[in-house]
Protein chains: 2
Amino acid sequence: MYTLFFQNLNSKVQLTEEEEEQIKTYLTLKKLRKKQYLLQEGDVCKMIAFVEKGALRAYSVDENSNEHIIQFGLEGWTISDLYSFLTGEPATYNIDALEDSELVIISKSAHEELLQTMPKYETFTRLNITGAYLAMQRRLTSTISASVEERYQDFITLYPHIAQRVPQHMIASYMGLTPETLSRIRKRISSR
Amino acid sequence: MYTLFFQNLNSKVQLTEEEEEQIKTYLTLKKLRKKQYLLQEGDVCKMIAFVEKGALRAYSVDENSNEHIIQFGLEGWTISDLYSFLTGEPATYNIDALEDSELVIISKSAHEELLQTMPKYETFTRLNITGAYLAMQRRLTSTISASVEERYQDFITLYPHIAQRVPQHMIASYMGLTPETLSRIRKRISSR
DNA sequence: CAAAAGCATTGATTTAAATCAACGTCCTTT
DNA sequence: AAAGGACGTTGATTTAAATCAATGCTTTTG
């Protein structure tokens, strides 16, 4: 339990045994069956989830009830509706499990207390959000400036493990495409 | 000088006089004439710039030499190629001034020293990057899930001051559209 | 001040992706 | 084992945006 979480944490800020133990008191574990929700749109997001095992997705649903995947969360990733978490506004995303999953949960109060009391946790948080920002920026840049072919290729090379584990129509959704279009893109690419 | 910068800083982490003075020793001012570069693609980004006055843009240029605006930076905003800044890799963006501008410059060494020595600066940095992440996420979400009309409306209501100050074709570029398309979108919207 | 450049608009045409529809395969799940 | 559902593919058609081209207006700049 918590092994991946602390591995991740220690790779960013080296912790002592005591610090690890202290942080552990703030954490809880949660198991989620495939298709279960971690968060539903409209609810307030009260935690940050670190994925120890399994796969989740965050997505929004538009007025035509089309789903748009905002983010995948596989092992080692953190997933949340950060806006809702930070502001207390109702969540605009749903988060659910694509596979049976195990999560390390940091509640809002735990997060705040750790930020106040443990400088290393703040550093960890800063590095995490910086990484998330850079990933998001890369994605946005490719969305507005590259062809759909390139974007798909980039996705595959950057996240091969996601491409292997997630149905293709979800990758289409993540890219803002219809499943049909992605299918045709793949055909075009393979015949070249 | 530095007034807006410290206003911004104090609104996030309340500083003492001494702390302000200490931080000041790490900062430099830079003026940029309209059209001047702050950063060119291929160079390593060695600073973070806070806009005291004026307006800048960060943009990439694709193989067809089309420009894609990644970010605007008006008064109170921070602009940089963060990936290049953090990794030391060559920048993939250009940053230049849309108007005569005044910037508060934080060099890489200044940034790192402040992070090490002043917890409040780390908090400030964390809050800044968090805000930038949320803004980026909002933009990405609207890009993949809303119609072009909605996206334009959202942009106008969210950033009315930008819409007033930058040419329309740059907003088109920011949205990943051609100037012609944005012009037609505006026409459609106004005739409703 | 005059020429040039930058900008927004409009029209005609092409191109890329969405939509609608059908089908086959593979899983679930009862 | 059978039925139903999810998934990916393919084809035909529609729709939205890009592209190409031209024009008038405004702002720079030599």
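What counts, and where the lines are drawn
- Residues numbered from 1 in each chain as written.
- Chains lettered and ligands numbered in written order.
- Predicted model: local features only at pLDDT ≥ 70, side-chain atom pairs only at ≥ 80, totals over all residues.
- Heavy atoms only, no water.
- Near = heavy atom within 4 Å.
- Polar contact = N/O pair within 3.5 Å; in protein donor to acceptor, adjacent residues only side chain to side chain.
- Helix = DSSP H or I, 4+ residues; strand = E, 2+ residues; numbered from the N terminus.
- Pairing = 2+ DSSP bridges.
- Axes fitted to C-alpha atoms, helices over the stretch in contact; angles between N-to-C directions.
- Contact = heavy atoms within 4.5 Å.
- Phe/Tyr/Trp six-rings, centres within 6.5 Å; stacked < 30°, edge-to-face > 60°.
- Buried < 20%, exposed > 50% of the residue type's maximum accessible area, 1.4 Å probe, protein only.
- Lys NZ or Arg CZ within 6 Å of the ring centre and 35° of its normal.
- Buried area = accessible area lost by both parts, 1.4 Å probe.
- Salt bridge = Lys/Arg side-chain N within 4 Å of Asp/Glu carboxyl O.
- UniProt positions renumbered as here; feature names shortened; annotations may be inferred.

## A closer look at the protein's contact with DNA strand D
Of all residues adjacent to DNA strand D, which total 15 residues, the nearest are Gln-168 and Arg-184 of chain A together with Val-148, Thr-181 and Arg-184 of chain B. When atoms of DNA strand D within 4 Å of the protein are sorted by moiety, sugar and phosphate together comprise 64%. Between DNA strand D and the protein, one listed contact pairs a phosphate oxygen with a side-chain N or O atom of Thr-181 of chain B at 2.3 Å. Elements represented by at least two residues in the surface near DNA strand D include exactly α8 (168-175) and α9 (179-190) of chain A together with α9 (179-190) of chain B.

## A short note on the sheet that holds strand β2 (residues 37-39) of chain B
In spatial order, the strands read β2-β7-β4-β5 (chain B); together these 4 strands make up an open sheet with antiparallel pairing. Single-partner strands in this sheet number two, and they are β2 and β5 (67-74) of chain B. Pairs of neighbouring strands in the sheet enclose a mean axial angle of 30 degrees, with direction left out of account. Relative to strand β7 (residues 94-97) of chain B, β2 of chain B runs antiparallel, the two sharing 2 bridges. Bridging across to β7 of chain B, Leu-39 of chain B finds its partner in Ile-95 of chain B. Along the sheet, helix α5 (residues 119-145) of chain A makes contact with β4 (55-61) and β5 of chain B, crossing β5 of chain B at roughly 130 degrees.

## Thoughts on the sheet that holds strand β3 (residues 47-53) of chain B
All names here are of chain B. Reading across the sheet, the 4 strands line up as β1-β8-β3-β6 and stay open at both edges, with antiparallel pairing between neighbours. Every other strand in the sheet has two partners, leaving β1 (27-32) and β6 (78-79) as the edge strands with one partner each. Here helix α4 (residues 108-117) sits on the sheet in contact with β3 and β8 (101-107), set at roughly 60 degrees to β8.

## Thoughts on the packing of aromatic side chains
In total, this model carries 18 aromatic pairs over all chains according to the counting rule given. Note on Phe-155 of chain A and Tyr-174 of chain A: the rings are 5.3 Å apart at their centroids and 55 degrees apart in plane angle, and the pair reads as tilted. Note that Phe-155 of chain A is positioned in helix α6 (residues 148-158) and Tyr-174 of chain A in helix α8, a separation of 19 residues in sequence. Judged by relative accessible area, which is 6%, Phe-155 of chain A ranks as buried. Taking the relative accessible area as the measure of exposure, Tyr-174 of chain A reaches 12% and is therefore buried. Ring geometry for Phe-5 of chain B against Phe-6 of chain B: centres 5.2 Å apart, planes inclined by 85 degrees, an arrangement best described as edge-to-face. Residue classification places Phe-5 of chain B among the buried residues on the basis of a relative accessible area of 1%. Linked through ring pairs, Tyr-2, Phe-5, Phe-6, Phe-50, Tyr-121 and Phe-124 of chain A together constitute an aromatic cluster. Over the ring of Tyr-174 of chain A we find Arg-139 of chain A; its NZ or CZ atom is 3.6 Å from the centre of that ring.

## Looking at the protein's contact with DNA strand C
The environment of DNA strand C is formed by 16 residues, the closest being Val-148, Thr-181 and Arg-184 of chain A together with Gln-168 and Arg-184 of chain B. When atoms of DNA strand C within 4 Å of the protein are sorted by moiety, sugar and phosphate together comprise 67%. For DNA strand C, a base nitrogen lies 3.1 Å from a polar atom in the side chain of Glu-180 of chain A. Contact distances for DNA strand C include 2.6 Å between a phosphate oxygen and a side-chain N or O atom of Gln-168 of chain B.

## Examining the interface of chain A and chain B
Taken together, the contacts link 32 residues of chain A with 31 residues of chain B. Counting each side, the surface lost to burial between chain A and chain B is near 3100 Å², with a carbon and sulfur contribution of 68%. The largest share of the area that chain A buries against chain B comes from Tyr-133, Leu-140 and Ile-144 of chain A, three residues that together contribute 22% of it. For the pair chain A and chain B, the interface holds 2 salt bridges. Arg-126 of chain A serves as the salt-bridge partner of Glu-122 of chain B, at 2.6 Å between the closest nitrogen and oxygen. Our count for the contact surface shared by chain A and chain B stands at 10 residue pairs in polar contact (both at pLDDT 80 or more). Every element with two or more residues in the side of chain A that touches chain B is listed here: β5 (67-74), α3 (82-87), α5 and α8 of chain A. For the side of chain A that touches chain B, the element with the highest residue contribution is α5 of chain A, accounting for 17 residues.

## Focus: the UniProt feature "domain: Cyclic nucleotide-binding" (unreviewed entry) in chain A
The UniProt entry lists residues 5-115 of chain A under the feature "domain: Cyclic nucleotide-binding" (unreviewed entry), expressed in the numbering used here. This span, residues 5-115 of chain A, is 27% helix and 40% strand, and a straight line between its end C-alpha atoms measures 17 Å.

## Quick look at the pairing of strand β3 (residues 47-53) of chain A
Residues and elements named next belong to chain A. Of all 7 residues making up β3, 6 are buried, and the element is well covered by its neighbours. Here β3 pairs with strand β8 (residues 101-107) via 6 bridges, running antiparallel. Of the residues in β8, the one forming a bridge with Met-47 is Ser-107. Relative to strand β6 (residues 78-79), β3 is paired through 2 bridges, and the arrangement is antiparallel. Following the sheet pairing, Phe-50 is matched in β6 by Thr-78.

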